Amino acid sequence: MSKGRFGEFGGAYVPELLIPALEELAEAYDKYKEDEEFQEEFRYYLEEYVGRANPLYYAERLTEKLGGAKIYLKREDLNHMGAHKINNTLGQVLLADRMGKKKVIAETGAGQHGVATATVAAMFGMDCEIFMGAEDVERQSLNVFRMKLLGAKVRSITEGTATLTDAVDAAIKHWVENSEDTFYLLGSVVGPHPYPTMVRDFQSVIGEEAREQILVAEDKLPDYLIACVGGGSNAIGLFHPFLADEPVKMVGVEAAGLGVDTDKHAATLTKGDKGIIHGYKSYVLQDDDGQIMPVHSISAGLDYPGVGPEHSYLRDSGRAHYEAVTDQQALEAFQLLSEAEGIIPALESSHAIAYAQQLAPKLEQDQIIIVNLSGRGDKDVYSVADKLGVEI
Amino acid sequence: MGRIEDTFTKLQQRNEKALIPFLMAGDPNLELTKELVLAAEENGADLLELGIPYSAPLADGPTIQQAAQRSLAHGTNLTAIFKLVEEIRQESELPLILMGYYNSIFNFGLEEFVKQCAEVGVDGVIIPDLPPEEGAELQELSTELDIILLLTSISNQTRIEKVTNLSSGFIYAVSTPGVTGAKEELSTEIEKTVTKIKQFKDIPVAVGFGISSPTHAQQIGEFADGIIVGSAIIKKLEKSLDLLEEDEEKLIAKVSDFISSLKKPLT
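Residues numbered from 1 in each chain as written. Chains lettered and ligands numbered in written order. Predicted model: local features only at pLDDT ≥ 70, side-chain atom pairs only at ≥ 80, totals over all residues. Heavy atoms only, no water.

Considering the sheet that holds strand β3 (residues 96–99) of chain B
Residue and element names in this part refer to chain B.
Move 1: Spatially, β5-β4-β3-β2-β1-β9-β8-β7-β6 is the arrangement adopted by the nine strands of the open sheet, whose pairing is parallel. Of all the strands in the sheet, just β5 (146–147) and β6 (150–152) have a single pairing partner and so form its edges.
Move 2: The pairing of strand β2 (residues 48–51) with β3 spans four bridges and is parallel. Note on β3: the bridge partner recorded for E49 is I97. (Pairing = 2+ DSSP bridges. Helix = DSSP H or I, 4+ residues; strand = E, 2+ residues; numbered from the N terminus.)

Re the side chain of D166 of chain A
Residues and elements named next belong to chain A.
Move 1: Here D166 lies in helix α8 (residues 164–178).
Move 2: Although buried, D166 forms no salt bridge, and the nearest oppositely charged side chain, K173, lies 8.9 Å from it.
Move 3: Leaving out residues up to four positions away in the same chain, D166 has contacts with I157, E159, G160 and T161. (Buried < 20%, exposed > 50% of the residue type's maximum accessible area, 1.4 Å probe, protein only. Lys, Arg positive; Asp, Glu negative; His and termini not counted. Salt bridge = Lys/Arg side-chain N within 4 Å of Asp/Glu carboxyl O. Contact = heavy atoms within 4.5 Å.)

Section: the sheet that holds strand β8 (residues 182–184) of chain A
Residues and elements named next belong to chain A.
Move 1: Taken in spatial order, the four strands of this open sheet run β7-β6-β5-β8, and their pairing is parallel. Of all the strands in the sheet, the pair left with one neighbour each is β7 (153–157) and β8. Here the strands of the sheet are splayed against their neighbours by 25° on average, with no regard to which way each runs.
Move 2: Bridge count between strand β5 (residues 103–108) and β8: three bridges; the pairing is parallel. (Axes fitted to C-alpha atoms, helices over the stretch in contact; angles between N-to-C directions.)

Considering the packing of helix α2 (residues 36–50) of chain A against helix α4 (residues 85–98) of chain A
Residues and elements named next belong to chain A.
Move 1: The N-to-C vectors of α2 and α4 enclose an angle of 135°; their axes lie 10 Å apart at closest approach. With respect to their mutual orientation, α2 and α4 come out oblique. Once α2 is placed against α4, the crossing between them reads as right-handed. Contacts from E37, F38, E41, F42, Y45, L46, Y49 and V50 in α2 reach I86, N87, L90, G91, L94, L95 and R98 in α4.
Move 2: Across the contact of α2 with α4, the residue classes break down as ten nonpolar, two polar and three charged. (Parallel < 35°, antiparallel > 145°, perpendicular 65-115°, else oblique. Left-handed = near helix turned anticlockwise from the far one by under 90°. Nonpolar A, V, L, I, M, F, W, Y, C, P; charged D, E, K, R; others polar.)

Regarding the interface of chain B and chain A
Move 1: Counting residues at the interface gives 35 residues for chain B, matched by 33 residues for chain A.
Move 2: The junction of chain B with chain A conceals about 2700 Å² of combined surface from both sides, 55% of it contributed by carbon and sulfur atoms.
Move 3: Sorting the residues of chain B by area buried against chain A places L58, E134 and I154 of chain B first, and these three jointly supply 24% of that buried surface.
Move 4: A salt bridge links E134 of chain B to R5 of chain A, with the nearest nitrogen and oxygen atoms 2.3 Å apart.
Move 5: Broken down by secondary-structure element, the contributors of at least two residues to the side of chain B that touches chain A are α3 (62–72), α5 (102–108), β6 and α8 (157–166) of chain B.
Move 6: Per-element accounting of the side of chain B that touches chain A gives the leading share, five residues, to α5 of chain B.
Move 7: Residue composition of the side of chain B that touches chain A, by class: 20 nonpolar, ten polar and five charged. (Buried area = accessible area lost by both parts, 1.4 Å probe.)

A few points about the pattern of salt bridges
Pairs can form between side chains of opposite charge whenever their charged atoms are close.
All names here are of chain A.
Move 1: Counted according to the given criterion, the structure contains 41 salt bridges over all chains.
Move 2: Between E8 and K281 there is a salt bridge; the shortest N-O distance is 3.8 Å. One end of the pair, E8, is in the loop between β1 (5–6) and β2 (9–10); the other, K281, is in strand β12 (residues 280–284), with 273 residues separating them in the sequence.
Move 3: For E8, a relative accessible area of 30% translates into the label partly exposed.

Quick notes on the pairing of β3 of chain B
Residue and element names in this part refer to chain B.
Move 1: Burial along β3 is two-sided: the face carrying L96 and L98 and the face carrying I97 and M99 are both buried.
Move 2: Pairing of β3 with strand β4 (residues 124–126) involves three bridges; the strand directions are parallel. Within β4, the residue paired with I97 across the bridge is G124.

Regarding the confidence of the model for chain B
Note: predicted coordinates in regions of low pLDDT should not be interpreted at a detailed level.
Move 1: Across chain B, the average pLDDT comes to 96, with 100% of residues at 70 or higher.
Move 2: At the level of chain-chain contacts, confidence expressed as ipTM amounts to 0.96, with global pTM at 0.96. (pLDDT = per-residue confidence, 0-100.)

Examining empty space enclosed by the protein
Residues and elements named next belong to chain A.
Move 1: In total, this model carries eight cavities of 30 Å³ or more according to the counting rule given.
Move 2: In this structure, the largest cavity occupies an estimated 370 Å³ of space.
Move 3: Surrounding the largest cavity, 32 residues form its lining, H84, K85, G231, G301 and L302 being those nearest its centre.
Move 4: Taken together, the residues that form the lining of the largest cavity break down as eleven nonpolar, 17 polar and four charged. (1 Å grid on protein atoms, 1.4 Å probe; cavity = no way out; pocket = protein on both sides within 12 Å on 5 of 7 lines; lining within 4 Å. Points joined across faces, edges and corners; volume = space filled by probe spheres on them.)

Things to note about the layout of surface pockets
Move 1: Taken as a whole, the largest pocket spans an internal volume of roughly 750 Å³.
Move 2: Forming the boundary of the largest pocket are 31 residues, of which E159, G160 and D166 of chain A together with S55 and Q65 of chain B lie nearest the centre.
Move 3: Secondary structure elements with two or more residues in the lining of the largest pocket: β7 and α8 of chain A together with α3 of chain B.
Move 4: Top contributing element to the lining of the largest pocket by residue count: α8 of chain A, with seven residues.

A closer look at the nonpolar core
Move 1: One finds L95, Y184, L238 and F239 of chain A together with F170 of chain B to be the most contacted residues of the largest nonpolar core, which totals 115 residues.
Move 2: Among the elements that line this core, the one with the most residues is α8 of chain A, at eight residues.
Move 3: The contacts of F239 of chain A, once residues within four sequence positions are left out, are L225, A227, M250, V251, G252, H311, A320 and Y322 of chain A.
Move 4: Formed by 72 residues, the second largest nonpolar core is a distinct cluster that contains L98, V163, I203 and F223 of chain B. (Core = buried A, V, L, I, M, F, W, Y, C linked by side-chain atoms within 4.5 Å.)

Some words on unusual backbone geometry
Residues and elements named next belong to chain A.
Move 1: For the peptide bond that leads from R52 to A53, omega is -5°, which places it in the cis range.
Move 2: Structurally, A53 can be placed in the loop between α2 and β3 (56–58).
Move 3: For M81, which is not glycine, the phi dihedral falls at a positive 75°.
Move 4: Summarising the element assignment, M81 is placed in the loop between β4 (70–75) and α4.
Move 5: On the basis of relative accessible area, M81 is assigned to the partly exposed category, the value being 21%.

Following this line, the structure appears as structure tokens:
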């Protein structure tokens, strides 16, 4: 069996041309993972540039309103640039720099990973090109402009459904052609080995902090962790440091779009079958012939037909559970958190809030839920206004 | 001896190089694919690759990707492709190789895939996103079926030896870093890899990716045992698609003429 397996999932199903680049990357990562100087630099920039540790905030008004378990929010939205994505891009750009690469490329859905990549590329003086589905370019014009301000080129991808999955295809193809001088800065715990492991490790700072913070605040571990899952990097980042804590339940929340029984959703773990996508084995939304299906979500960041292989493993082993909430439920949660706590969440994170909204009232008041507030919602206000029929 | 090995042996005896055209099964429909395969054989194809259309083809450029889209538009799947091969086999002994992405095969079921290949007469399979590390299960099942693996101009000696040991039928050498697609200028950088493979093991090596003209065919024919041409042939087909309704024979002739022009420098 190949490297980078989570049970039967993961691996590296890639064209032969990418093998040398992936081997080089895996070797470099194995080396620097253990390198004290590298880790110190990573921690330094997380503190001084990203602004970590971010708070684990007790959402008192939301808790009261829902009338059940205590809800804590892990405030990834307070990171520099407003989302958890930068934890990973910072780690990878430090690695790219050590490997002597001068160009970075990345795919993006909502634009958060694109912005986070353009940010660190600017900071380290690297050429940066972002691959983004044409439909997402349209939906996320603010982030497109931010990327350009940061000096990145944005390549609009019109193939297929012109969303995240096509952007990943295009970025991989570009990398096949240019792997010698280009670093592919993948934005989630997906793709061929070593990405799912490497991205998880960089994102694990979320769960490591949350674990310490909740022990200080409550002197006990939480009962539930809740995070939204597209590719699944913010979720695995929160979950992973708690995996050995058996009583802690974990729930990943997928995008049910217009409903999991319609053909417009992105609920991969709820409705998918085992398959291969973007170089890894996992659950995949596909038709009877194994063709990748078009997906839909109100949130561009969850609009993805695959899911990180470790999530497939956690699902099948029963260690984590996966639920799906609809566009409408996410939209309501978006408004709920804005009004109850003065925090405008990203539409992606609103899916996690929406599930907490369902779960909290069923639990006792001394129980604790940690919700990963993976990003802020400024980028979404135009599309939310549109959905609510408000003209800005 | 299988059809693939047999064919390369015979060509070697005649001091000829193999022409391996690629056609996307079902582009634009399966009936025409069958006619094109038979016409290709008549016009110099020594072996033939049949593409299994896939929605997210990681190793393919726009030409083959669009051919796949045309085929998928009317639901071509592996079941239909096996039926096509069965029909072709009633009229031809041309070695046939399926080229497709692993998810199509995984989804179909590996055992069932290998069984069907044997039943209808598929000789080999090329799966560009299944490197040997991930292919053990299929390797074990495929006692008759040749699994043709790929090497590139950036493969190192360790890799060359590993892949060559596991590949059967022939080695597919990728001419230039990138995805499939016809190129104006072709690099012959791959010659070094071909030489290294040959030094390591006596196995046929065919070169593909970017080959688009008789001149390229000649250049590659100097050092390789065969050439694989996909996108350039599909482009010819694409350009003549408006003939599909009114004059199918003319359409087939345009494609076959090109195939025939590619074979000339190889004999």
